Amino acid sequence: MTAANMRQFDLFAPGAGSEPLSAVPGAKRASRNSLRPVVPQEPEAMARQLEATGAYRVLRRLEARPVLAGWSPDRLAPGEKIGVILDTETTGLDCRSAEIIELGMVMFTYDDAGIRDVVRVFDALREPGVPIPPEITRITGITDQMVAGKAIDPAAVAEFIAPADLVIAHNAKFDRPFCERFAPGFDAKAWACSVAEVDWTALGFEGSKLTYLIGQCGWFHNGHRAVDDCHALLEVLDFRRDAAGPSAFSALVASAGRRRGRIFAVGSPFELKDALKARGYRWNDGNDGRPKSWWTEIEEDGFDAECRFLREEIYRRDVEPIVQWLTAVERYRA
């Protein structure tokens, strides 16, 4: 073995790999001066050094933005609006029987250029009327002991969201019904869903699960705790793969500003149900007060094409389908 092959690379020492190893385990003697102290490099430099090899990807801890001190809604600059990112942890999936055990909210300002400052944070635990199921504790880490004696004041929640122009959740179809049942004010707010209303694939991501999105941005965080997920979603929405590229947040705001139409294909021929399913229609049994029929939800600019499809391919006659127009205020209600 040559002397070059006997060298040991020490990532944490300056001039790593430049000198032969001078002390090894089992050696009978070692000069006091032959043992070189390890001086760690600055962590970010170490991370960049690893990444430069092409053999490693390094995830950085996602750090929450600081809260802007002394802010109040009357300090909004011209063109600025207020957003709230919200997340709930609950005892189950059905808002009619499950309960909120944690509510996290991050309020921020934004304008046409994108997200600006975090201005307020709300984070609270709540003891439910039943023990927390073991599966929920496994996912969230929230135990009965953590929530014992804790409560969330609905009035405080309503006061927090009062100035918001837009409420965002990563699964608004889940979170909105829970919030509307818990505190007043949510039913009158515009809502946006960062799962359903962002084309993550077009932005270069694989999948829409928050954990995946965070990792593909190069970060990691303490997942499945409400306020941590809110901070993480804020950064993912503001992330740009290049400085001139679009952000998910701009796409989400644009989507929230457009109407969508729910089209109900009432009385459609049974034998054509597969054609409707292939186009994305879903069956509604009528128990929720909506028409018993196949239905779909489309962007406003696709309405005429959808009506043409129904006339030519389904009904095969001139019909006007039942349509329910939805703004961001109506979307994602239970």
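Keep in mind that what you see is a predicted model, and the values were worked out from it rather than measured.

Taking strand neighbours across the sheet as the criterion, the five strands line up as β4-β3-β2-β5-β6 in an open arrangement whose pairing is mixed. Looking at strand neighbours, the two that pair on one side only are β4 (114-125) and β6 (191-193), the edges of this open sheet. The mean angle between the axes of side-by-side strands here comes to 25°, regardless of whether they run parallel or antiparallel. Bridge count between strand β3 (residues 100-111) and β4: nine bridges; the pairing is antiparallel. By the bridge assignment, Tyr110 is partnered in β4 with Ile115. Here helix α5 (residues 172-182) sits on the sheet in contact with β2 (81-90), β3, β5 (166-169) and β6, set at roughly 90° to β2. Most of the contacts of helix α8 (residues 248-256) go to β5, to which it runs at about 120°, and overall it touches β3, β4, β5 and β6.

Next up on the list: unusual backbone geometry. One non-glycine residue, Arg316, lies in the positive phi region at around 60°. The phi dihedral of Tyr332 is positive, around 75°, even though this residue is not glycine. One can find Tyr332 in the segment after β11 (322-326). On the basis of relative accessibility, which here comes to 13%, the residue Tyr332 falls in the buried class.

If you walk through the whole model with that rule in mind, you get 13 aromatic pairs. For the ring pair Phe174 and Phe178, a centre distance of 4.9 Å and an interplane angle of 45° mean the geometry is tilted. With Phe174 and Phe178 both in helix α5 and four residues apart, this pair spans about one turn of that helix. Overall, the relative accessible area of 4% leaves Phe178 in the buried class. Ring-pair connections join several aromatic residues into one group, and the members of that group are Trp200, Phe205, Trp219 and Phe239. Above the plane of the ring of Phe205 lies Arg241, whose end atom (NZ or CZ) is 4.4 Å from the centre. In this structure, Arg279 is placed above the aromatic ring of Phe309, and the distance from its NZ or CZ to the ring centre is 4.0 Å.

This next bit is on the pattern of salt bridges. For the structure on display, the rule yields 22 salt bridges. One salt bridge in this structure joins Arg331 and Glu197, with 3.6 Å as the shortest N-O distance. A residue pair is termed long-range when its members are at least 10 positions apart, and Arg331 in the segment after β11 and Glu197 in the loop between β6 and α6 (210-216) qualify at 134 residues. In terms of burial, Arg331 and Glu197 fall into one category: buried. The closest approach of N and O atoms between Glu297 and Arg262, which form a salt bridge, is 2.9 Å. Taken together, the positions of Glu297 in strand β10 (residues 293-299) and Arg262 in strand β8 (residues 260-265) put the pair 35 residues apart, joining distant regions of the chain.

Calculation criteria
- Residues numbered from 1 in each chain as written.
- Predicted model: local features only at pLDDT ≥ 70, side-chain atom pairs only at ≥ 80, totals over all residues.
- Heavy atoms only, no water.
- Pairing = 2+ DSSP bridges.
- Helix = DSSP H or I, 4+ residues; strand = E, 2+ residues; numbered from the N terminus.
- Axes fitted to C-alpha atoms, helices over the stretch in contact; angles between N-to-C directions.
- Contact = heavy atoms within 4.5 Å.
- Buried < 20%, exposed > 50% of the residue type's maximum accessible area, 1.4 Å probe, protein only.
- Phe/Tyr/Trp six-rings, centres within 6.5 Å; stacked < 30°, edge-to-face > 60°.
- Lys NZ or Arg CZ within 6 Å of the ring centre and 35° of its normal.
- Salt bridge = Lys/Arg side-chain N within 4 Å of Asp/Glu carboxyl O.

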